[in-house]
Amino acid sequence: MNPRAAFVAAPLLVLSYGVIRIVDGLDGSRGPGLAWTAGHLAFLAALALFIVIFREMWRMLGRNRIATTSLVVGLVGIACAAAQFVIDIVVGFMAADHDAMSPLFDQVQAVPGVSLAVYAAGPLLFYVAQLALVVQLAARRQVKLWTPVLVMLDFAIPILEKDLIPLGAVCMLVSFWPLARRQAPAGARHVLVHA
């Protein structure tokens, strides 16, 4: 996928997840069912696009040591977050109703290391790396100085209230928009015109 398109598509998929999550909870409980699965698949797709986004940021930073460390941390975080969402989808398919989901989640989290790697520290690495890469871009003036602030808001707002995930996704979209709109290098433009 075109990296510039990923900067728009990933926030929109997170926005979709947030909206679907709210709709799923309108009956008083979330999951299992179509909305549960669709929302989680949307976020998984966003995570896949973040591989493209992180790689593009790493490239923009000249593939230096700090950027490479941030990229690796981010990829580990993406893998951990993706594992959490895959588990959620599987539990959703296995459970007959919402009440049946809790014992299944308890079984998964009882496996040594899973709770820390998949639910606590692991996914946090995704957000830490995203912020680190954006801060490095801001330090090099490749993005505006307010971009890291919006990225921080993107993951701080949902911590306060998960129903605000769509608002966080809008912050992410605004912060990534300049990256999506940046001019392609002349050689790349030439290839695109004659492809």
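Residues numbered from 1 in each chain as written. Predicted model: local features only at pLDDT ≥ 70, side-chain atom pairs only at ≥ 80, totals over all residues. Heavy atoms only, no water.

Novice: Just checking my understanding: could you explain the overall build of the protein for this structure?
Specialist: The secondary structure content of the protein amounts to eight helices and zero strands. The N-to-C order of helical and strand elements in the protein reads α-α-α-α-α-α-α-α. Expressed as lengths along the three principal axes of its C-alpha atoms, the size of the protein is roughly 55 × 35 × 35 Å. Scored against the burial criterion, the 195 residues of the protein give a buried share of 43%. By sequence separation, contacts in the protein at least 24 residues apart represent 74% of the contacts at least 6 residues apart. Split by element, the accessible area of the protein, about 10,300 Å² in all, is 69% carbon and sulfur. (Helix = DSSP H or I, 4+ residues; strand = E, 2+ residues; numbered from the N terminus. Buried < 20%, exposed > 50% of the residue type's maximum accessible area, 1.4 Å probe, protein only. Contact = heavy atoms within 4.5 Å. Areas by Shrake-Rupley, 256 points an atom, 1.4 Å probe, with all protein chains shown as cover.)

Novice: How do you make sense of a nonpolar patch on the surface when you look at a structure like this?
Specialist: On the surface, Trp146, Leu164, Leu167, Val170 and Val174 cluster together into a nonpolar patch covering about 410 Å² of accessible area. Looking at where Trp146 falls in the secondary structure, it is placed in the loop between α5 (114-139) and α6 (147-160). (Patch = residues over 30% accessible without salt bridge, like charges linked within 9 Å, V, L, I, M, F, W, Y side chains within 5 Å. Salt bridge = Lys/Arg side-chain N within 4 Å of Asp/Glu carboxyl O.)

Novice: Could you clarify how one ought to interpret the packing of helix α1 (residues 3-24) against helix α7 (residues 165-181) in this entry?
Specialist: For any two helices packed against each other, the geometry is given by the interaxial angle and the distance between the axes. At a minimum axis separation of 8 Å, α1 and α7 run at an interaxial angle of 170°. The angle between α1 and α7 places the two elements in the roughly antiparallel class. Listed contacts from α7 to Arg4, Phe7, Val8, Pro11, Leu12, Val14, Leu15, Tyr17, Gly18, Val19, Arg21 and Ile22 of α1 are Ile165, Pro166, Ala169, Val170, Met172, Leu173, Phe176, Trp177, Leu179, Ala180 and Arg181. Residues belonging to the contact of α1 with α7 are distributed by class as follows: 19 nonpolar, one polar and three charged. (Axes fitted to C-alpha atoms, helices over the stretch in contact; angles between N-to-C directions. Parallel < 35°, antiparallel > 145°, perpendicular 65-115°, else oblique. Nonpolar A, V, L, I, M, F, W, Y, C, P; charged D, E, K, R; others polar.)

Novice: Where do I start with the packing of aromatic side chains in this structure?
Specialist: Aromatic ring pairs: the centre-centre distance and the angle between the two ring planes describe each pair. Under the definition given, this model contains ten aromatic pairs. With a centroid separation of 4.8 Å and 65° between ring planes, the pair formed by Phe126 and Tyr127 is classed as edge-to-face. Look at Tyr127 and you get partly exposed, because its relative accessible area is 26%. By the ring-pair criterion, three or more aromatic residues cluster together here, those being Phe7, Phe50, Phe54, Phe126, Tyr127, Phe155 and Phe176. (Phe/Tyr/Trp six-rings, centres within 6.5 Å; stacked < 30°, edge-to-face > 60°.)

Novice: In this structure, what is going on with the packing of helix α2 (residues 34-60) against helix α3 (residues 65-94)? I would like to understand it.
Specialist: Between α2 and α3, whose axes approach to 10 Å, the crossing angle comes to 170°. By the criterion of interaxial angle, the relationship of α2 to α3 is roughly antiparallel. Looking at the contact of α2 with α3, its residues break down into 19 nonpolar, five polar and two charged.

Novice: I'm lost on the nonpolar core in this one. Help?
Specialist: Buried together is how nonpolar side chains tend to be arranged in soluble globular proteins. Counting residues in hydrophobic clusters, the biggest one holds 42 residues, and the most contacted among them are Leu47, Phe50, Ile53, Phe54, Met57, Phe176 and Leu179. Mapped onto this core, the elements with two or more residues apiece are α1, α2, α3, α5, α6 and α7. Examining the composition of this core, we find that twelve residues originate from one element, α2, more than from any other. Among all residues touching Phe176, those that are not within four sequence positions of it are Phe7, Pro11, Phe50, Ile53, Met57, Gln130 and Val134. Membership of the second largest hydrophobic core comes to nine residues, among which are Val91, Met101, Leu104 and Phe105. (Core = buried A, V, L, I, M, F, W, Y, C linked by side-chain atoms within 4.5 Å.)

Novice: Which parts of the structure should I look at to understand α2?
Specialist: Every α-helix carries 3.6 residues per turn, so stepping three or four residues along brings you back to the same face. Given a rise of 1.5 Å per residue, 27 residues ought to cover 39 Å, and the 39 Å separating the end C-alpha atoms of α2 matches this to within 8%. Count one or two residues on from α2 and you reach Gly62, which has phi positive near 80°. (Expected span 1.5 Å × (residues − 1).)

Novice: In this structure, what is going on with the pattern of salt bridges? I would like to understand it.
Specialist: Pairs can form between side chains of opposite charge whenever their charged atoms are close. This model, assessed by the stated rule, comprises three salt bridges. With a shortest N-O distance of 3.0 Å, Arg30 and Asp163 are connected by a salt bridge. Note that Arg30 is positioned in the loop between α1 and α2 and Asp163 in the loop between α6 and α7, a separation of 133 residues in sequence. Residue Arg59 pairs with Glu56 through a salt bridge whose shortest N-O separation is 2.6 Å. Of this pair, Arg59 and Glu56 both sit in helix α2, three residues apart, which is roughly one turn of that helix. Bridged by salt links that share partners, the residues Arg21, Arg30 and Asp163 form one connected network.

Novice: Would you mind showing me how to read the side chain of Thr147 here?
Specialist: Relative to the assigned elements, Thr147 resides in helix α6. Thr147 sits in the buried class, given a relative accessible area of 1%. Residues in contact with Thr147, not counting those within four places in the same chain, are Val134 and Ser175.

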